[in-house]
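# Commentary on secondary and tertiary structure
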Amino acid sequence: MSIYNSIEKVISAEILRSNEDNLIANRICNTSFVGDIKNRGDSVTFIGLSEPTVYSYEGTLDYEDISDSGVVLSIDQDMVFSFMVKDLEELRSSIGLKDSQTKRASYNLGLAVDKYVLGLYEDAGETRTAVTVTPSNVLETIAAAKQSLEEENVPDGQSWIVVPPFVKTKLMLAGIKFQINNGVNGTGSLGFTDELGFDIYVSNNLAKDSSGKTMMLCGSYSAIAYAEQVLETQVIDRMESSFATAVRGRLVFGAKVIKPKELICTPVTDGGNSITA
């Protein structure tokens, strides 16, 4: 195996590892698909999504055919990175380091994916009235969204919420305690709380509407389907127009809201951190 092939395999593995560790999309979405992804435009299927009908027994059984109940997801997003380095040996020795070019490329691919997935707020089954969030009303705001999910039979332990940093601050001021796991794209923090019945993720990648409101999302772990594939990573020595070595990589992915009733959007703005009685 050449030095180039070796580096390419390591870069590809680093992208996958970075996405697995850091992507909010990989944490909140249904990723259990069948099918192969070989290029943009391919499709995969998410199976087992139908709800069997329960009916009164009158002596006979009526069997439903749920074999064709899968949801087809198109892999229609295509993201790349490409940069040049002067010293191939320096590139090889830096792979895996926190601030290496390949680590930053992997991180930025993850940012692009999370922005896309969290930008699906328009497909949410419910968009609540906008709230100017303060420490005094933040629990009420979160609880109202949680109630909407419970009314769709989403139980505790099966739901998540992605909040912007200013909402996390207000939750802390309101007395909510978090477990922290560093490494998630956007803010580097991931919180769990039994007090609210949510897994709480913190991200700077939530979408904003035309008026600047942050579109905070909560949902079940079945609400959004997501699939990805690193198609290729390449190291090209001695480019025609330069003595430098080129490095490039390509990630294709797709995401789709498949259970809109189990996805709730709450537009929020920052109302400051003053605590009122």
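## Notes on the confidence of the model for the chain
Interpreting fine coordinate detail is not advised for predicted regions of low pLDDT. Averaged over all residues, the pLDDT of the chain is 81; the fraction at 70 or higher stands at 73%. Confidence, expressed as mean pLDDT per element, reaches its minimum in the chain at strand S9 (residues 190-193) with 54 and its maximum at strand S14 (residues 263-270) with 98.

## Describing helix H5 (residues 138-150)
The end-to-end C-alpha distance of H5 is 18 Å, a good match for the 18 Å that 13 residues give at a rise of 1.5 Å each. Taken together, the buried positions of H5 are occupied by Val-138, Thr-141, Ile-142, Ala-145, Lys-146, Ser-148 and Leu-149. Along the axis of H5, the buried residues cluster in a sector spanning 155 degrees; they form a single face.

## Examining the sheet that holds strand S2 (residues 43-46)
Read across the open sheet, the three strands follow the order S1-S2-S3; overall the sheet is antiparallel. Because the sheet does not close on itself, it has two edges, and the strands there are strand S1 (33-34) and strand S3 (71-74). Relative to S2, S1 runs antiparallel, the two being bridged by two bridges. Looking across to S2, one finds that Phe-33 is bridged to Phe-46.

## Thoughts on the environment of Asp-76
Relative to the assigned elements, Asp-76 resides in the loop between S3 and strand S4 (77-85). The spatial distance from the C-alpha of Asp-76 to the C-alpha of Asn-39 is 9.1 Å, given a sequence separation of 37 residues. What Asp-76 contacts, discounting residues up to four positions off in sequence, is Arg-40, Tyr-116, Phe-253 and Gly-254.

## Let's talk about a nonpolar patch on the surface
Taken together, Tyr-55, Tyr-57, Leu-61 and Tyr-63 make up a surface patch of nonpolar side chains, about 540 Å² in accessible area. Note on Tyr-57: relative accessible area 58%, which makes it exposed.

## A closer look at the nonpolar core
Ranked by internal contacts, the top residues of the largest apolar core, which has 34 residues, are Trp-160, Ile-224 and Tyr-226. Among residues more than four places away in sequence, those in contact with Trp-160 are Ile-28, Phe-198, Asp-199, Tyr-201, Leu-217, Cys-218, Gly-219, Ser-220, Tyr-221, Ile-224 and Leu-263. Within the second largest apolar cluster, 20 residues are counted, among which are Val-163, Phe-166, Ile-176 and Val-268.

## As for the packing of aromatic side chains
On inspection of all chains with the given rule, the structure shows three aromatic pairs. Taking 6.0 Å as the distance between ring centres and 50 degrees as the angle between the ring planes, the aromatic pair formed by Phe-33 and Phe-46 counts as tilted. Of the two residues, Phe-33 is situated in strand S1 and Phe-46 in strand S2; the sequence distance between them amounts to 13 residues. Look at Tyr-116 and Phe-253: their rings are 5.6 Å apart centre to centre, the planes differ by 75 degrees, and that puts the pair in the edge-to-face class. Taken together, the positions of Tyr-116 in helix H4 (residues 101-118) and Phe-253 in strand S13 (residues 245-257) put the pair 137 residues apart, joining distant regions of the chain. We classify Phe-253 as buried; its relative accessible area is 0%. An aromatic cluster of three or more residues is present, and its members are Tyr-116, Tyr-226 and Phe-253. The lysine or arginine in question, Lys-146, covers the ring of Phe-198, its NZ or CZ lying 5.8 Å from the ring centre.

## With respect to the pattern of salt bridges
Under the counting rule described, the total for this entry stands at six salt bridges. When the shortest N-O distance is used, the salt bridge between Glu-150 and Lys-146 registers 3.0 Å. Highlighted residues: Glu-150 and Lys-146, both in helix H5, separated by four residues, approximately one helical turn. Its relative accessible area of 42% is what places Glu-150 among the partly exposed residues. Across the pair Asp-156 and Lys-146 runs a salt bridge, and its minimum N-O distance is 2.5 Å. Taken together, the residues Asp-156 in the loop between H5 and strand S7 (159-163) and Lys-146 in helix H5 connect sequence positions 10 residues apart. Judged by relative accessible area, which is 4%, Lys-146 ranks as buried. A network of salt bridges, in which partner residues are shared, links Arg-40, Asp-78 and Arg-250.

Reading the values: the criteria
Residues numbered from 1 in each chain as written. Predicted model: local features only at pLDDT ≥ 70, side-chain atom pairs only at ≥ 80, totals over all residues. Heavy atoms only, no water. pLDDT = per-residue confidence, 0-100. Helix = DSSP H or I, 4+ residues; strand = E, 2+ residues; numbered from the N terminus. Expected span 1.5 Å × (residues − 1). Buried < 20%, exposed > 50% of the residue type's maximum accessible area, 1.4 Å probe, protein only. Arc of directions from axis to C-beta. Pairing = 2+ DSSP bridges. Contact = heavy atoms within 4.5 Å. Patch = residues over 30% accessible without salt bridge, like charges linked within 9 Å, V, L, I, M, F, W, Y side chains within 5 Å. Areas by Shrake-Rupley, 256 points an atom, 1.4 Å probe, with all protein chains shown as cover. Salt bridge = Lys/Arg side-chain N within 4 Å of Asp/Glu carboxyl O. Core = buried A, V, L, I, M, F, W, Y, C linked by side-chain atoms within 4.5 Å. Phe/Tyr/Trp six-rings, centres within 6.5 Å; stacked < 30°, edge-to-face > 60°. Lys NZ or Arg CZ within 6 Å of the ring centre and 35° of its normal.

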